[in-house]
Amino acid sequence: MNTEKVTARRLTAAEVSELGLQDGIFVSAETDGLSLDCYAPAFLTEPGKNFEGGSFAARTIFGEDIHVLPDDAEGRGIWIADKTGEEIEVLQSAGVLLNLALFVPNGNKDSLESLYAAARDAFGAGIVQRWSEESVAVPDVKVDLFEEPARGRKNTNSQNRDRRALDIYPTRVRFMEPSEGWKFIVEPHKEIVDETPTI
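All figures in this text were calculated on a predicted structure; none of them were measured in a lab.

Details of the confidence of the model for the protein
When pLDDT is averaged across the protein, the result is 80; 84% of the residues are at 70 or more. Here strand E9 (residues 162-168) stands out as the least confident element of the protein, with mean pLDDT 62; strand E6 (residues 79-81) is the most confident, with 94.

Below is the structure:
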């Protein structure tokens, strides 16, 4: 866990009520319900002047929503950078979590191990981790993906189709969501042939 020491001071509720959405603050570093013994950079989710006696809501740079009562003596409070303050430990934004769906032509165990080895060489053996893995054999084909209204009339022409993506592999469809009120139509890929007469 990478942290840095930052000089900051704790704010009162009155001071927090004067902050806007652009003001950088520090709140307790909580992630997935796990309270860490340090702070995280954050911003208020609405201007402090909207405070009506409840808790202030802040969102950390890691996407966690935190509700704080600044004047609660037992709470971690809300802090702001101040050279005249005291030192606190602040969690750094040190990495990015990637959820990858990889298509490996003629994929087998050796080719997958080569992929992992290349990633470990690039980022470090202790950095690249395989949390969960699903290996599925898929045909090496392409499909066309369309969107249609979810409640379209029967026997209507296909003029209302919206070509969403071209030439994609079937496995990618599993990771996409249609627009609200629309559904996906997957068809075998057809190459577009330009039959415009030429002179």
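Overview of the nonpolar core
Grouped together as the largest cluster of nonpolar side chains are 14 residues, with contacts concentrated most on Val 16, Leu 19, Ile 25, Val 27, Leu 44 and Ile 78. Elements supplying a minimum of two residues to this core: helix H1 (13-16), strand E2 (25-31), strand E3 (34-44), strand E4 (56-60) and strand E5 (65-68). Apart from residues lying up to four places away in sequence, Leu 19 is in contact with Leu 11, Ile 25, Leu 44, Pro 47, Gly 48 and Ile 80. Core analysis: the second largest hydrophobic core is formed by seven residues, Val 6, Ala 8, Trp 79 and Val 90 among them.

Side note on helix H2 (residues 109-123)
An α-helical turn contains 3.6 residues, so a residue and the one three or four places further along point in the same direction. Taking 1.5 Å of rise per residue, 15 residues should cover 21 Å, and H2 covers 21 Å from first to last C-alpha, within 8% of that figure. Residue Gly 124 follows H2 closely and has a positive phi angle near 110°.

Structural notes on the packing of aromatic side chains
Tallied over the full model, the rule gives one aromatic pair. Here the basic side chain of Arg 76 rests over the ring of Tyr 39, its NZ or CZ set 4.8 Å away from the ring centre.

So, how was this worked out
- Residues numbered from 1 in each chain as written.
- Predicted model: local features only at pLDDT ≥ 70, side-chain atom pairs only at ≥ 80, totals over all residues.
- Heavy atoms only, no water.
- pLDDT = per-residue confidence, 0-100.
- Helix = DSSP H or I, 4+ residues; strand = E, 2+ residues; numbered from the N terminus.
- Core = buried A, V, L, I, M, F, W, Y, C linked by side-chain atoms within 4.5 Å.
- Buried < 20%, exposed > 50% of the residue type's maximum accessible area, 1.4 Å probe, protein only.
- Contact = heavy atoms within 4.5 Å.
- Expected span 1.5 Å × (residues − 1).
- Phe/Tyr/Trp six-rings, centres within 6.5 Å; stacked < 30°, edge-to-face > 60°.
- Lys NZ or Arg CZ within 6 Å of the ring centre and 35° of its normal.

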